[in-house]
Amino acid sequence: MLMQPTGIKKLLLLGAGHAHVHVLARLAQNRPADLDVTVVTPYPFQTYSGMTPGFVAGRYSAAECQIPLEPLLRAAGAKWVQARCTGIDAADQRVRLSPAGKSHNVNDIVPPDLRYDLLSIDTGAVIDRERLEAEMPGAAARALIVRPIEAFAALWPQVLALADEKPVSVVVVGAGAAGLELLFAAEQCLRQAGHRAARFTLITGGGEAATNYSDGVQRRVRRQLKRRQITVLRETCVGVEAHEVLLGSGATLACDVPILAIGTHAPPWLQGTGLALSEAGHVLVNAFQQSTSHANVFAAGDVATRADGTHPKSGVYAVRAGPPLAHNLLAAHEGQALKAHHPPQHTLNLLSCGAGHAIASYGPLHVEGAWAWRWKDRIDRAFVAKYSLPFA
Ligand SMILES: Cc1cc2nc3c(=O)[nH]c(=O)nc-3n(C[C@H](O)[C@H](O)[C@H](O)COP(=O)(O)OP(=O)(O)OC[C@H]3O[C@@H](n4cnc5c(N)ncnc54)[C@H](O)[C@@H]3O)c2cc1C
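Residues numbered from 1 in each chain as written. Predicted model: local features only at pLDDT ≥ 70, side-chain atom pairs only at ≥ 80, totals over all residues. Heavy atoms only, no water.

Here we take up the domain arrangement of the protein. Domain boundaries assigned for the protein yield domain 1 (10–42 + 82–126 + 265–346) and domain 2 (129–263 + 349–384). If you average the C-alpha positions of domain 1 and of domain 2, the two centres end up 30 Å apart. Contacts between the two partners involve 6 residues from domain 1, matched on the other side by 6 residues from domain 2. For the pair domain 1 and domain 2, the two sides together bury roughly 680 Å², of which 65% comes from carbon and sulfur. Remark: the boundary between domain 1 and domain 2 carries 0 salt bridges. (Domains from an automatic or database assignment. Contact = heavy atoms within 4.5 Å. Buried area = accessible area lost by both parts, 1.4 Å probe. Salt bridge = Lys/Arg side-chain N within 4 Å of Asp/Glu carboxyl O.)

Next up, the structure:
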């Protein structure tokens, strides 16, 4: 597909997600002189979620899980606006913002909106607090929610402090990869800290744990849960109250630390943007990661859904979209042909069961061991190192 040169000047990147760090690295190699690049993102770093369970387990520091953005932005010649996007007017080519930092510097005042010629969205998925409150009253205020991951990581030390005071009951709601990895990590961390009386429960939502995985991986997960004496309840959580979790069966479960790792939602601010959205509300994109409704808008990662067949929303797919997205943004700017991105059908999946052990799977194949965790550790550290440019 050939795009006509349109004299595009302002490239706006929303979010510094997995695909956008690659776009910035690509711009650092060669940014066209007539391209003005701005990144809107709330934090001065990008947290690599794949390493967050290792942080909870006590294996990584918070800094080891972060890509500092300042060196990358400087190398790419990009400006940073510390803000959150709260809306888009795709017809008027404007993005609405709200400040995310605490700066008192007058030069850092966040403009209410920004105009763009070319827009790329990689803001990830969210847990929609209003929707959550309707489905699980009390959870938004009382539970430790895994999104945004930065807020989760900042609150985790409070769990450790509470566990030092009394034997805690930790309940993880959500038995997908994120919930399981965090549960295994929390169990390992508290037990290794000597909190032998801490209790751990997994609320699966009704089905088996790890239902998105093959039967073989599910069996391995069940073995790991049993080995660690983690109680598994095939129940739904319908509310969170002070010191207890309410279950669909009508039962209540005593709980000091409710952790919510349920499926994510599309950002509610995408509604009313004028962009074509999937049924679930994600930005609908074609094989070029380009909006199906607006040729000057691109999206990748968990915020986007491919119109030509969906793939799971995961960090691996967000990473894979980085190089084609970078190519297509520059091609769109230069009026060159866009390249189709073909996401692989299967990807290597490494599910950590605490730091030091992981279950590896690829399609129907699955194995586990300490070596699988070391493999994951190497891949994760290499990703963060690749984009962590030295501060000048
Ligand atoms: C605990 C945990 C462990 C995980 N482990 C793995 C794993 O091992 N492998 C795997 O493949 N997947 C894993 N995932 C899933 C993975 O985190 C996501 O699929 C991945 O983060 C999606 O990448 P992304 O680029 O779409 O968004 P993100 O990585 O979420 O990045 C979004 C970016 O946008 C910014 N942002 C957010 N909102 C706004 C806004 N309104 N305006 C501007 N900027 C905004 C954020 O600050 C961030 O910079 C894990 C998830 C969790 C919670």
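Having seen the model, we can carry on.
Here helix α6 (residues 149–165) is 17 residues long and its end C-alpha atoms lie 25 Å apart, about the 24 Å a rise of 1.5 Å per residue gives. The sharpest bend along α6 measures roughly 25° and falls at L155, with the proline P157 sitting one to four residues further on. Those residues of α6 that fall on the buried side of the exposure criterion are I149, E150, F152, A153, W156, V159 and A163. Structurally, α6 contributes buried residues whose contacts are with β3 (45–47), α2 (52–56), β10 (144–145), α7 (177–192) and β17 (257–260). (Helix = DSSP H or I, 4+ residues; strand = E, 2+ residues; numbered from the N terminus. Expected span 1.5 Å × (residues − 1). Bend = angle between axes of the 7 residues up to and from the residue. Buried < 20%, exposed > 50% of the residue type's maximum accessible area, 1.4 Å probe, protein only.)

On to the site of the ligand, then. Near the ligand, the surroundings consist of 30 residues, among which Q46, S49, C85, D122 and D302 are the closest. One nitrogen or oxygen atom from the side chain of D122 is found 2.7 Å from an oxygen atom belonging to the ligand. Separating an oxygen atom of the ligand from a side-chain N or O atom of R147 is a distance of 2.9 Å. Summarising the interface, the protein chains cover 89% of the accessible area of the ligand, which totals 1000 Å² for the free molecule. Listed by contribution, the elements that provide at least two residues to the shell around the ligand are β6 (83–89), α7 and α9 (315–334). Considering only residue class, the shell around the ligand consists of 12 nonpolar, 12 polar and 6 charged. In this structure, the shell around the ligand is formed jointly by two domains, domain 1 (10–42 + 82–126 + 265–346) and domain 2 (129–263 + 349–384), each of which donates at least three residues. (Near = heavy atom within 4 Å. Polar contact = N/O pair within 3.5 Å; in protein donor to acceptor, adjacent residues only side chain to side chain. Areas by Shrake-Rupley, 256 points an atom, 1.4 Å probe, with all protein chains shown as cover. Nonpolar A, V, L, I, M, F, W, Y, C, P; charged D, E, K, R; others polar.)

With that out of the way, let us pick up the side chain of S120. With respect to the helices, strands and loops of the structure, S120 is situated in strand β9 (residues 118–121). Apart from residues lying up to four places away in sequence, S120 is in contact with L12, L13, L14, H20, F298, L325 and L329.

With that settled, the discussion passes to the sheet that holds strand β19 (residues 297–299). Strand pairing in a sheet relies on backbone hydrogen bonds. The paired strands run either parallel or antiparallel. Reading across the sheet, the 5 strands line up as β5-β2-β1-β9-β19 and stay open at both edges, with parallel pairing between neighbours. Edge positions in the sheet fall to β5 (78–81) and β19, since each has one partner strand and no second. Shown here is a sheet whose adjacent strand axes are inclined to one another by a mean of 20°, direction ignored. Relative to strand β2 (residues 36–40), strand β1 (residues 10–14) runs parallel, the two being bridged by 5 bridges. Within the sheet, the bridge partner assigned to L13 lies in β2 and is V39. Along the sheet face, helix α1 (residues 18–29) touches β1, β2, β5 and β9 and points at about 145° away from the line of β1. (Pairing = 2+ DSSP bridges. Axes fitted to C-alpha atoms, helices over the stretch in contact; angles between N-to-C directions.)

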